[in-house]
Each structure stands twice: as structure tokens, then as C-alpha cells.
Amino acid sequence: MYRRTWMEINLDQIAENVRKIGDICHKKVIAVLKADAYGCGDIQVCRACEEAGAQMVAVSSLDEAMILRNEGYTGKLLILGMSDPDDVEDLKKADAATAAYSSAWVDEVLKHDARGLKVHLAVDTGMNRIGFKDLDEMRAALQKMLDAGVIVEGIFTHFYCSDIPDHVITDRQFAAFDEAVKAMHYPFEWIHCDNSDATLFHQDPLSNACRVGITLYGISPYRNDFAHPISLYSAVYMCKHVPAGETIGYGATYTTTGDEIIGTAPIGYADGLIRANQGRKVYVDGQYGTIVGRVCMDQVMIRLDHEVPMGTKVEIFGPHISLEEMAADLHTIPYEVICLISGRVTRRYIWHGQLMQEQNDRLIRSEA
Ligand SMILES: *Cc1c(COP(=O)(O)O)cnc(C)c1O
């Protein structure tokens, strides 16, 4: 890493969170690692989850499944999104189970040799994204797949309001799921409905696995005792006094009101620090600074209380400013904030108490 702008990912703490989730729900844990593990690095987070006892890993597409296979992951793998029916052969080769989400999809898949393909039936219990809504239709699709030698390994649904403290909708969805599972009269090996949030309040005797994504990173509306393994940093490389009445940055959107100390750090919207961060606070050497002027593509200006030496660390989120707080300031959710941290930002992994790896995907590609 040359440019000092990095995301720190503590895999020990992710493992600790996986163990804690398992202790809370007493079910198998499916670690949801779609979108490069929410921007945190899929193979690295995968290894930590596997070591902590997660029995399956879920991604959103065959492309993401292939990345994990190419990196050497040999454990159980599930694609939660819509695989293309023409990719049956590659799904089998990758040993990736995939969602069976409509009759039309099943019919297309069965035009290929689908013997040995693994699927989990997706049940739509109200989200209206993917999945079967009609139980007779799902039962017929199940039978067709079984006749064709498809391995129907599981059945699942997805809760869409589990972050809301009033659990009426989740309860209703679960009742529909319960009915669907029972109506199939089939001994599914994997029955799963709980995402991170539901895992922390929903208990049932039917499902035997939970699917957790965001709580791997300590984020939960229900509990604050999970470890917070990820943070984002840059560094102040220039620090100067700007007299009153001058403006800062593109568009002259900020005018100094007195003699101000302005630091510049090499992070910008191309790193995922979107322009809406203007006016937000950051933490620099024991003080909170404020982002002033527009966020540039590669740099940002920060108003400070006191001067700092060249190279002083800037925390965008981490121990002093939580990811939740940053997301709330930006009127979004932590998921979006971390998924937007771009491939230009170096990832630093802590594993077994040590700096395991510093990885910059774009540098690696250029060196390959
Ligand atoms: C993303 C996703 C999850 C994980 O959600 P979290 O809220 O991050 O736990 C679980 N199931 C499905 C189907 C998903 O798409």
C-alpha cells in the first residue's frame, strides 16, 4: 500500500461474532458473503466464518460463487439470487446450490441435464422479490425436479421487515413459510428463513439454519454487544492555516469564518466517500474534524482544531465514529456505506492477532 487510505477488517472479531450468533440461535449458520462480503473481502471473511463454525456460505450469483471456488473454498455454497437456467452445467461443476424461484425457471432448467444440480426452493412470503407464491405450483415444480434427479437440498424465505421492533409482519411471513414447508411433504435438509435481525429475536422449531450478513460486522438494531470489526481510515498529508473569507474546494461551497486550520487527506468519492459526506465529522488525533467544501474524487479537506503532523491518521468510521452513525448522517443504511467502499481502497486484514494481509485488488490485477 502506497496511499494511506485503507479499510481495516479484523477477522478475529468476525469469527467471534459468528460464534456468538451460533450460541444465540442454536442453528446452523449460513454466512451471507454476497457483494464481496459487503465490501469486506469474500474469501478472507469466508475463511474466518468457516473457522468459526459456519456450515455454509451464501452469495448472490454464480460469478461470486466462482470467485470463492477459484480461491480454494471447498465448503457448502448457496446462490441466493437468480441463476441463469443456461448455466446448469457450470452450477454443477462449481458444486453451487442455487435458488429455485419460479416455475418458469424450473422448466428452463429441466431442458438441460439437471441431474445432480442442487437447489433450495425460494418461497415468496410477501416480499414479492423472488420465489414461489402458489403452493400447488411449488409442489409441482418440486416433483418435476425430483423426477429429473435434481437434489432439492433446502427451502427458504426472506423476511423484509425484521429490523422493525414490532414483529407482526415477520410473524405473518413465518406462518406462511411454515405452511409452505409442511405442504411440500419433503424432508428438506436445510430450512432457513432468519436473516441477521430475525436471528436475534425469532425462534421456531421448524428452521434449522440462519442466514447472517450484516451482524458479522456487528451491526444490529437489537443488540450492541457484538464486536465491530471494520473501520475506514485515511491520513492528513497537508495541514495549513487559511485566513477568514477564503473558500474551500470546488464550487466554493464553504467560506472560512476566521483563521482556520485545514487538513487535506487522500480519500474521495472514488473511494466511496460520497459527496454527501460534506459537513460530516471525522476523528483525527484526539479531535473531531469536519469535512468542509465538496468532497473531491481523490481528496477531501477537513477543518481541524489544531495542527497535526504529516501522516496523522483520519478515522472515517471506526472506534470513535460508528458505521451506524455515519449511515444515519447520510440517510442510508450501513450496508450501503460499506458496499460503496471501492476496490481502490486497500483492505488490511487482522487474523489471529496479527496483520495477515494487505490487499488492493486493483494493484493485484495490474501486477498479474
Ligand atoms: C442479503 C441477504 C441475507 C442477509 O441479510 P442480513 O440482513 O445482512 O443478515 C439473507 N438472506 C437473503 C436472501 C439475502 O439476500
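Note that this is a predicted model, so its numbers are computed, not measured.

### What about the overall build of the chain?
Next, step 1: In terms of regular secondary structure, the chain is built from 12 helices and 20 strands.
Next, step 2: Taking the principal axes of the C-alpha coordinates as reference, the chain spans close to 80 × 50 × 40 Å.
Next, step 3: In the chain, which comprises 368 residues, the share counted as buried stands at 53%.
Next, step 4: Taking as baseline every contact in the chain between residues at least 6 positions apart, the subset at least 24 positions apart corresponds to 64%.

### Focus: the packing of aromatic side chains
Next, step 1: This model, assessed by the stated rule, comprises 7 aromatic pairs.
Next, step 2: Here Tyr101 and Trp105 contribute two aromatic rings whose centre-to-centre distance is 5.5 Å and whose plane-to-plane angle is 40°, an arrangement assigned as tilted. Of the two residues, Tyr101 and Trp105, both sit in the buried class.
Next, step 3: Three or more aromatic residues link up through ring pairs in this structure, and these residues are Tyr38, Tyr217 and Tyr335.
Next, step 4: A cation sits over an aromatic face here: Lys20 above Phe226, 5.5 Å from the ring centre.
Next, step 5: Residue placement shows Lys281 over the ring face of Tyr288; its charged tip is 4.6 Å from the ring centre.

### Some words on the pairing of strand β15 (residues 281-284)
Next, step 1: Pairing between β15 and strand β16 (residues 287-291): 4 bridges, direction antiparallel. The residue of β16 that forms the bridge with Tyr283 is Tyr288.
Next, step 2: Here β15 hands over to β16 after 2 residues, with Asp285 in that stretch at a positive phi of 50°.
Next, step 3: When β15 meets strand β18 (residues 312-317), the two strands line up antiparallel, connected through 2 bridges. Bridge assignment links Val284 to a residue of β18, and that residue is Val314.

### Looking at the layout of surface pockets
The gaps left among the atoms become clear once a water-sized probe is rolled over them.
Next, step 1: Its boundaries defined by the atoms lining it, the largest pocket holds a volume of some 890 Å³.
Next, step 2: Taken together, 39 residues make up the lining of the largest pocket; nearest its centre are Lys34, His158, Phe159, Asn195 and Tyr335.
Next, step 3: If you list the elements that add at least two residues to the lining of the largest pocket, you get α2 (34-38), β6 (118-123), β7 (151-157), α9 (196-199), β9 (209-212) and α11 (334-339).
Next, step 4: Of the residues that constitute the lining of the largest pocket, the class distribution is 21 nonpolar, 11 polar and 7 charged.
Next, step 5: Volume-wise, the second largest pocket comes out at about 240 Å³.
Next, step 6: As for the second largest pocket, its lining consists of 16 residues, of which Asp36, Gly41, Asp42, Gln359 and Asp361 are closest to the centre.
Next, step 7: Counting only elements with at least two residues in the lining of the second largest pocket, the list comes to α3 (42-51), α4 (62-70) and β19 (346-351).
Next, step 8: Looking at the lining of the second largest pocket, the element that brings in the most residues is α3, giving 3 residues.

### A look at the side chain of Asp271
Next, step 1: Within the fold, Asp271 resides in the loop between β14 (260-265) and β15.
Next, step 2: Within the structure, Asp271 has its side chain in polar contact with the side chain of Arg344 (distance 2.9 Å).
Next, step 3: If sequence neighbours within four positions are ignored, Asp271 has contacts with Arg3, Pro266, Met297, Leu340, Ile341, Ser342, Arg344 and Val345.

### Side note on the environment of Pro243
Next, step 1: With respect to the secondary-structure elements, Pro243 resides in the loop between β11 (238-242) and β12 (247-248).
Next, step 2: Accessibility expressed as a relative area gives 40% for Pro243, which makes it partly exposed.
Next, step 3: Sequence separation between Pro243 and Leu206 is 37 residues; the distance between their C-alpha atoms is 67 Å.
Next, step 4: Ignoring sequence-local partners within four residues, the contact set of Pro243 consists of Thr256, Gly258 and Asp259.

### Thoughts on the UniProt feature "modified residue: N6-(pyridoxal phosphate)lysine" (unreviewed entry) in the chain
Next, step 1: Annotation from UniProt places "modified residue: N6-(pyridoxal phosphate)lysine" (unreviewed entry) at Lys34.
Next, step 2: Non-local contacts of Lys34, meaning those with residues more than four positions away in its chain, are made with Ala58, Val59, Ser60 and Glu64.

### Side note on the packing of helix α1 (residues 11-25) against α3
Next, step 1: It is the contact of α1 with α3, at a shortest axis distance of 8 Å, that shows an interaxial angle of 45°. Classified by the angle between their axes, α1 and α3 sit oblique to one another. Regarding α1 and α3, the two cross each other, and that crossing is right-handed. Counted together, Leu11, Ile14, Ala15, Val18 and Arg19 of α1 and Gln44, Val45, Ala48, Cys49 and Glu51 of α3 form the full contact between these two elements.
Next, step 2: In terms of residue class, the contact of α1 with α3 is made up of 7 nonpolar, 1 polar and 2 charged.

### Things to note about the site of the ligand
Next, step 1: Near the ligand you find 13 residues, and of these Lys34, Tyr38, Ser196, Arg211 and Tyr335 are the closest.
Next, step 2: Between an oxygen atom of the ligand and a main-chain N or O atom of Gly213, the distance comes to 2.9 Å.
Next, step 3: About the coverage of the ligand: the protein hides 92% of its 390 Å² of free accessible area.
Next, step 4: Counting atoms within 2 Å of the grid points, the majority share of the ligand lands in the largest pocket.
Next, step 5: For the shell around the ligand, the elements supplying multiple residues, two or more each, are α2 and β9.
Next, step 6: In terms of residue class, the shell around the ligand is made up of 6 nonpolar, 4 polar and 3 charged.

Criteria and cut-off values
Within any chain, residue numbers begin from 1 and follow the written order of that chain's sequence. Only residues with pLDDT of at least 70 get local features here, since the model is predicted, and only at 80 or more are side-chain atom pairs given and counted; chain-wide, interface and lining totals rely on the full set of residues. Computation of side-chain values covers all heavy atoms of the structure but excludes hydrogens and water. A helix here means a DSSP run of H or I that spans at least four residues, while a strand means a run of E at least two residues long, and both kinds are numbered starting from the N terminus. Relative accessible area decides the class of each residue, using a 1.4 Å probe on protein chains only: under 20% of the type maximum gives buried, over 50% gives exposed, and in between gives partly exposed. Residues count as neighbours in contact if any of their non-hydrogen atoms are within 4.5 Å of one another. Between the rings of Phe, Tyr and Trp (Trp by its six-membered ring), a pair exists once the centres lie within 6.5 Å; its type follows the angle of the planes, with under 30 degrees stacked, over 60 edge-to-face, and the other angles tilted. Think of it as a cone above the ring: NZ of Lys or CZ of Arg counts as a charge over the ring if it is within 6 Å of the ring centre and within 35 degrees of the ring normal. Two strands qualify as a pair provided that DSSP identifies no fewer than 2 bridges between them. Here a cavity denotes a set of grid points, spaced 1 Å apart and computed over the protein atoms alone, in which a 1.4 Å probe fits but from which it cannot get out, and a pocket denotes an open set meeting protein on both sides within 12 Å along at least five of seven lines; residues with an atom within 4 Å of a point are reported as lining. Grid points are joined across faces, edges and corners, and a volume is the space filled by probe spheres set on the points. Any residue outside Ala, Val, Leu, Ile, Met, Phe, Trp, Tyr, Cys, Pro, Asp, Glu, Lys and Arg is labelled polar, Gly included; the first ten of those are nonpolar and the last four are charged. Pairs of N or O atoms are called polar contacts if they sit within 3.5 Å, as long as, within protein, a hydrogen donor faces a hydrogen acceptor (for residues adjacent in sequence, only side-chain-to-side-chain pairs). UniProt positions are given in the numbering used here, feature names are shortened, and annotations may be inferred rather than shown by experiment. Between N-to-C directions, angles cover 0 to 180 degrees, with each direction set by a line fitted to C-alpha atoms, over the stretch in contact for helices. Here the angle decides the label: under 35 degrees means roughly parallel, over 145 means roughly antiparallel, 65 to 115 means roughly perpendicular, and every other value means oblique. Crossing handedness is read from the near helix: turned anticlockwise from the far helix by less than a right angle, it gives a left-handed crossing, and turned clockwise, a right-handed one. We call a residue near a molecule or strand whenever a single non-hydrogen atom of that residue lies within 4 Å of it. For the area figures, the Shrake-Rupley method with a 1.4 Å probe applies, and any residue is considered shielded solely by the protein chains shown. Whether a molecule lies in a cavity or pocket depends on its atoms, and more than half of them have to be within 2 Å of the grid points.

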